[in-house]
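Overview (structure and organization)
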Amino acid sequence: MARKQKPIVVLPHKVYIRATGEIVDMTPELREQVSKKCADALVRWAKGEVMKDLGIG
């Protein structure tokens, strides 16, 4: 006899907010903010690498 499988429940991702010290569910708004901050950090890093290669700064 095969056992009936339980349905898979997808729980929302949790994120830690350092400023407030709390763990909250990842919402679309938070995902957008995180994505923007990640993109900004990547651009800053890339600029720094290019400047280092050119010998500036």
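An account of the accompanying structure is given in this report. Just so you know, these numbers come straight off a predicted model, no measurement behind them.

1. Focus on the overall build of the protein chain
On a plain count of helices and strands, the protein chain comes out with one helix and two strands. Along the first, second and third principal axes, the C-alpha atoms of the protein chain reach 70 × 35 × 15 Å. Here the protein chain holds 57 residues, and 2% of them are scored as buried. Total accessible area on the protein chain is roughly 6,000 Å²; 61% of this is exposed by carbon and sulfur atoms.

2. Some remarks on helix 1 (residues 28–54)
End to end, helix 1 covers 39 Å across 27 residues, agreeing with the expected 39 Å (1.5 Å per residue, within 8%). Glycine 55 occupies a position one or two residues after helix 1 and carries a positive phi of about 80°.

3. A short note on the environment of threonine 20
Its location among the elements puts threonine 20 in the loop between strand 1 (14–17) and strand 2 (22–25). The class of threonine 20 is exposed, set by a relative accessible area of 52%. C-alpha of threonine 20 to C-alpha of alanine 39: the two residues are 19 residues apart in sequence and 23 Å apart in space.

4. Some points on the environment of lysine 6
By secondary structure assignment, the location of lysine 6 is in the segment before strand 1. By relative accessible area, lysine 6 is classed as exposed at 76%. Taking C-alpha positions, lysine 6 is 45 Å from tryptophan 45, a pair spaced 39 residues apart along the chain.

5. Quick notes on a nonpolar patch on the surface
A contiguous nonpolar patch, built from Val50, Met51, Leu54 and Ile56 and spanning about 380 Å² of accessible area, is present on the exposed surface. Positionally, isoleucine 56 belongs in the segment after helix 1.

6. Regarding the pairing of strand 1
Bridge count between strand 1 and strand 2: four bridges; the pairing is antiparallel. Across the sheet, the residue bridging to lysine 14 is aspartate 25, located in strand 2. The loop that links strand 1 with its antiparallel partner strand 2 comprises four residues; one of these, glycine 21, has a positive phi angle of about 75°.

Procedures and definitions
Residues numbered from 1 in each chain as written. Predicted model: local features only at pLDDT ≥ 70, side-chain atom pairs only at ≥ 80, totals over all residues. Heavy atoms only, no water. Helix = DSSP H or I, 4+ residues; strand = E, 2+ residues; numbered from the N terminus. Buried < 20%, exposed > 50% of the residue type's maximum accessible area, 1.4 Å probe, protein only. Areas by Shrake-Rupley, 256 points an atom, 1.4 Å probe, with all protein chains shown as cover. Expected span 1.5 Å × (residues − 1). Patch = residues over 30% accessible without salt bridge, like charges linked within 9 Å, V, L, I, M, F, W, Y side chains within 5 Å. Salt bridge = Lys/Arg side-chain N within 4 Å of Asp/Glu carboxyl O. Pairing = 2+ DSSP bridges.

Scope: geometric values only; no functional claims are made or implied.
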